[in-house]
Amino acid sequence: MSDEEHHFESKADAGASKTYPQQAGTIRKNGYIVIKNRPCKVVEVSTSKTGKHGHAKCHFVGIDIFNGKKLEDIVPSSHNCDVPHVTRTDYQLIDISEDGFVSLLTENGNTKDDLKLPTDESLLTQIKDGFAEGKDLVVSVMSSMGEEQICALKDIGPK
């Protein structure tokens, strides 16, 4: 046996998968699917009939949940597709820094400071205006496949 010590690089990941497999024929409109390594919300599904050599095919049209780009994919309906784990979490907005990052209050009382303001213009102005007026704002953060973005805003009244 060797006397050398082996060192393993740890990336501090619990090994939880960012996606799970689901049969293409069972994915419906308003569900989620991974197209070209991007998490997408399905806006249209059409299924073609089986041809001479077998598989019915599913044609998916999805919109990227983070950048709004339209993506398409065609998959045999019997094959598995990757479906992203998508979670929405609500945080209370504490502060907006000058460099475009927000400071959020988590449920356990810690702060989360690694999120940028959204790129969507109307949501951006709603957040900035509401914060400037001193309102208590709660933002919904959507996270999937290692990405996070503010996707909605709720006003819970004045401070």
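Residues numbered from 1 in each chain as written. Predicted model: local features only at pLDDT ≥ 70, side-chain atom pairs only at ≥ 80, totals over all residues. Heavy atoms only, no water.

Caption draft 1: Highlighting the pattern of salt bridges. Under the counting rule described, the total for this entry stands at six salt bridges. For Lys154, the salt bridge identified is with Asp90, shortest N-O distance 2.6 Å. Of this pair, Lys154 sits in strand β11 (residues 147–158) while Asp90 sits in strand β7 (residues 86–96), and the two are 64 residues apart along the sequence. Residues Lys112 and Glu148 are paired through a salt bridge, measuring 2.9 Å at the closest nitrogen-oxygen approach. Here Lys112, found in strand β9 (residues 111–116), pairs with Glu148, found in strand β11; they are 36 residues apart in sequence, far enough to count as distant. Residue classification places Glu148 among the partly exposed residues on the basis of a relative accessible area of 33%. A single salt-bridge network, built from bridges that share partners, covers Arg38, Asp64 and Glu147. (Salt bridge = Lys/Arg side-chain N within 4 Å of Asp/Glu carboxyl O. Helix = DSSP H or I, 4+ residues; strand = E, 2+ residues; numbered from the N terminus. Buried < 20%, exposed > 50% of the residue type's maximum accessible area, 1.4 Å probe, protein only.)

Caption draft 2: Here's a closer look at the pairing of β7. Here β7 pairs with strand β10 (residues 135–144) via seven bridges, running antiparallel. From the neighbouring strand, Thr89 faces β10, where its bridge partner is Val141. In terms of strand pairing, β7 meets strand β8 (residues 101–105) through four bridges, oriented antiparallel. The residue of β8 that forms the bridge with Ile96 is Val102. The hairpin formed by β7 and β8 contains four residues between the paired strands, and Gly100 there has a positive phi angle of roughly 90°. (Pairing = 2+ DSSP bridges.)

Caption draft 3: A look at the environment of Lys29. Relative to the helices and strands, Lys29 resides in the loop between β1 (19–23) and β2 (32–35). In sequence terms Lys29 and Phe60 are 31 residues apart; their C-alpha atoms lie 8.9 Å from each other.

Caption draft 4: Seen up close, the nonpolar core. Membership of the largest hydrophobic core comes to 14 residues, with the highest contact counts inside it found for Leu93, Val102, Leu104, Ile127, Val139, Val141 and Ile150. Those residues in contact with Val141, other than ones at most four positions away along the chain, are Thr87, Arg88, Thr89, Tyr91, Leu104, Leu115, Glu148, Gln149 and Ile150. Residues Ile27, Cys40, Cys58 and Leu71 belong to the second largest nonpolar core, which totals twelve residues. (Core = buried A, V, L, I, M, F, W, Y, C linked by side-chain atoms within 4.5 Å. Contact = heavy atoms within 4.5 Å.)

Caption draft 5: Main features of unusual backbone geometry. Despite not being glycine, Lys36 shows a phi value in the positive range, around 50°. With respect to the secondary-structure elements, Lys36 resides in the loop between β2 and β3 (38–48). Despite not being glycine, Met145 has its phi angle at roughly 50°, a positive value. Assignment of secondary structure puts Met145 in the loop between β10 and β11. Its relative accessible area of 22% is what places Met145 among the partly exposed residues.

Caption draft 6: Molecular detail of the sheet that holds strand β5 (residues 70–76). Reading across the sheet, the four strands line up as β2-β3-β4-β5 and stay open at both edges, with antiparallel pairing between neighbours. The sheet is open, and its two edges are formed by β2 and β5, each paired on a single side. With strand direction ignored, the average angle separating the axes of adjacent strands in the sheet is 45°. Where β2 lies against β3, four bridges are found, and the strand directions are antiparallel. Across the sheet, the residue bridging to Ile35 is Arg38, located in β3. (Axes fitted to C-alpha atoms, helices over the stretch in contact; angles between N-to-C directions.)

Caption draft 7: Expanded view of the environment of Asn108. Mapped onto the secondary structure, Asn108 falls in the loop between β8 and β9. In this structure the side chain of Asn108 is engaged in a polar contact, spanning 3.4 Å, whose partner is the backbone nitrogen of Asn110. (Polar contact = N/O pair within 3.5 Å; in protein donor to acceptor, adjacent residues only side chain to side chain.)

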